[in-house]
Amino acid sequence: MLQETEYQYILDGQQRTTSLLTSLYGGNIEGKNGFDPTLYVDLTIPIDSDTDDESYRNRFLFWDEIDDRNGELRYNTGKKIRFNEGLIVKLIDVKNAFGNVERKLIDHSNPDFKDYDHQVRIELRRIKEILDNYRVSFIEVKGIQISEVCQIFERINQAGKPLNIFDIVVAKTFKPITNGEPGFYLRELIDDFRNTNNSQFLQINDLDYLHALAVLINLGVDNSGVRNITDRYLNEIKTEHILEVWEDAKKALLKTFDFFENHLQLKTPHLIPFRYFYFTITAYFYQNQSPNYDFLKKYFWFYSFHNQELLSNTTHLFQHIGFLDIEKYKNEYKFDRFLINKETLRSASYSSRGRMSRALLSLFASMKPKDWEHCDREVLAHNLFFSTDKPNLHHIFPTNSEYILSNQHLNNISNNSLLNIAYLTQITNLDITNRNPLEYLRDYDNPEFHAIMPGHFLPSKIMQWARNNDMPTNALDIFVEERLTLILDNLKQKLSGITFEEFDTSVVAAEIVEAAIS
């Protein structure tokens, strides 16, 4: 009775594995008849650094670079002598016959090699240690049919990069076209979806798409086993799961991106405070025939600005989906009280990519800010026809302005606070450069600019200072406090009907406000 033969296939890393094996054990290479790929190492060649390619070429040799053919190839003579003396050795001999290799050095005519700490002996031990301890990353993928192996390899080979969970799911769910049956290739499915239009949101990374699919499979496929978005459960995703949700998933994802871009006026994924918003909002839109956009806007601003991080882990994620489901299925819902610390807003930094910094930039973007020079033009335009139209983040009190350089120590607020930032076009930002607000704001003292000031949360006091050509030494502090009040008033409008509670952990804030009023 014949026994069934079991095969194992290398799907990725084949080139590296082949190179390692042939360098140690030799072999035949197609198209190079008679070439021996076995590697030798010259122990006398020092290595200058980990990236010294020239020394590597001189140290690691093939036999045809050593063999002098009994003196015919003079340029190999020196290397052949070192080989005969045991200074050039096979890598496999270092691994499997280390004692013999070392004995040949000890017995060498040069007595220096008897020294245990001689550089040649040190190098020999170092190579032995590398060969003994080298580890190859290995991921076993079971249940792959023989007919699929070659095609799967072509799809998951990432040019030497380690496989991530997305690559593994791509491999596990891949189906070739067979007997007229359609195939399935997740990477191609998502790449085709990315070409729907030019929105930057469509270019979110592969893992975000995979997590969104996992959430929808959890919601829409009975007994899928995909109970979370961690790697443990992503590994449970099957081709039929994706196919079952995909058509409705596409619609939900597009509605999510449309919500961010055209309802909230956020033109880039870089403004989204929590990446989990992609999954919670997509879950809300999934198979939802009558979404409530006013509710969804409240949801976005509530959790973006809440004093606590309430969407930072998978427990939060599924709690949020449960909350959104209440409105989705038209049951009575209620937001908890909204709590915000003024000092958290003051300390949100221009240089930070934290949640609160992105929330503030999202708020600024949602106001559709207009350019200060050309007040009929939106700064965050979707299509840019000139490089000078590119949106910039402008310091209202410029960093190197004479005012900041002279008075920074008299203000408690850092100049890099996002409450000192506004969106402007690049050309307007360059025109302002490092001039004091007293100077450059007079250039914009006209009815058109006054009309767009609310869209930038600009308090009227800063224009009064410019007209009077005078402002207090703590003008930055006063400006920030008044701007903060405008921002909080706007948030209260956005969260109307929700209990809105603010507090302030700043010790000096009350003094600044009192001084400004007086």
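This is a predicted model, so every value here is computed, not measured.

Procedures and definitions
- Residues numbered from 1 in each chain as written.
- Predicted model: local features only at pLDDT ≥ 70, side-chain atom pairs only at ≥ 80, totals over all residues.
- Heavy atoms only, no water.
- Helix = DSSP H or I, 4+ residues; strand = E, 2+ residues; numbered from the N terminus.
- Buried < 20%, exposed > 50% of the residue type's maximum accessible area, 1.4 Å probe, protein only.
- Contact = heavy atoms within 4.5 Å.
- Areas by Shrake-Rupley, 256 points an atom, 1.4 Å probe, with all protein chains shown as cover.
- 1 Å grid on protein atoms, 1.4 Å probe; cavity = no way out; pocket = protein on both sides within 12 Å on 5 of 7 lines; lining within 4 Å.
- Points joined across faces, edges and corners; volume = space filled by probe spheres on them.
- Nonpolar A, V, L, I, M, F, W, Y, C, P; charged D, E, K, R; others polar.
- Polar contact = N/O pair within 3.5 Å; in protein donor to acceptor, adjacent residues only side chain to side chain.
- Pairing = 2+ DSSP bridges.
- Core = buried A, V, L, I, M, F, W, Y, C linked by side-chain atoms within 4.5 Å.
- Phe/Tyr/Trp six-rings, centres within 6.5 Å; stacked < 30°, edge-to-face > 60°.

A. Quick look at the overall build of the chain. Each helix and strand counted, the chain has 24 helices and 7 strands in total. Residues classed as buried in the chain amount to 45% of the 518 residues present. Looking at the chain alone, contacts between residues at least 24 apart form 67% of all its contacts between residues at least 6 apart. Accessible surface, the chain: about 28000 Å² in total, of which carbon and sulfur atoms supply 47%.

B. Up close: the environment of Arg16. Examined against the element boundaries, Arg16 turns out to sit in helix α1 (residues 14-25). Considered as a pair, Arg16 and Val136 are 120 residues apart in the sequence and their alpha carbons are 9.5 Å apart.

C. Structural detail: the layout of surface pockets. Taken as a whole, the second largest pocket spans an internal volume of roughly 850 Å³. Together, 25 residues line the second largest pocket, and Thr268, His270, Leu271, Pro391 and Tyr423 are the ones closest to its centre. Of all elements in the fold, only α17 (355-366) and β5 (391-395) reach the threshold of two or more residues within the lining of the second largest pocket. For the lining of the second largest pocket, the class distribution of residues is 11 nonpolar, 10 polar and 4 charged.

D. Representation of unusual backbone geometry. For Arg69, which is not glycine, the phi torsion reads 50 degrees and is therefore positive. Tracing the backbone shows Arg69 in the loop between β2 (60-61) and α3 (77-84). We note that Asn70 has phi near 55 degrees; this positive angle belongs to a residue other than glycine. Within the element layout of this structure, Asn70 appears in the loop between β2 and α3. When its relative accessible area of 79% is taken as the criterion, Asn70 is described as exposed.

E. Representation of the side chain of Glu123 in the model. Looking at the element boundaries, Glu123 is found in helix α6 (residues 119-133). On the basis of relative accessibility, which here comes to 5%, the residue Glu123 falls in the buried class. A distance of 3.1 Å separates the side chain of Glu123 from the side chain of Arg126, its partner in a polar contact.

F. View of the sheet that holds strand β1 (residues 40-42). An order of β2-β1-β3 is seen for the 3 strands of this open sheet, with the pairing classed as antiparallel. Looking at strand neighbours, the two that pair on one side only are β2 and β3 (88-90), the edges of this open sheet.

G. How the structure looks around the nonpolar core. Judged by nonpolar contacts, the single largest core of 116 residues is most densely connected at Phe305, Trp372 and Phe397. In contact with Phe305, not counting residues within four places along its chain, are Phe338, Leu339, Ile340, Leu345, Arg355, Met356, Ala359, Leu360, Leu363 and Leu491.

H. Main features of the packing of aromatic side chains. Counted according to the given criterion, the structure contains 41 aromatic pairs. Centroid distance Phe174 to Tyr185: 6.1 Å. Interplanar angle 85 degrees. Geometry classified as edge-to-face. Of the two residues, Phe174 sits in the loop between α8 (165-173) and α9 (186-194) while Tyr185 sits in the loop between α8 and α9, which places them 11 residues apart along the sequence. As far as the burial class goes, Phe174 and Tyr185 line up, both buried. A ring pair is formed by Phe277 and Tyr299, whose centres lie 5.6 Å apart and whose planes are at 80 degrees; its orientation type is edge-to-face. One end of the pair, Phe277, is in helix α13 (residues 277-285); the other, Tyr299, is in helix α14 (residues 293-305), with 22 residues separating them in the sequence.

I. Inspection of helix α22 (residues 460-468) at higher detail. Of all the positions in α22, only Lys461, Ile462, Met463, Trp465 and Ala466 are classed as buried. Just downstream of α22 lies Asn469, where phi reads positive at about 55 degrees.

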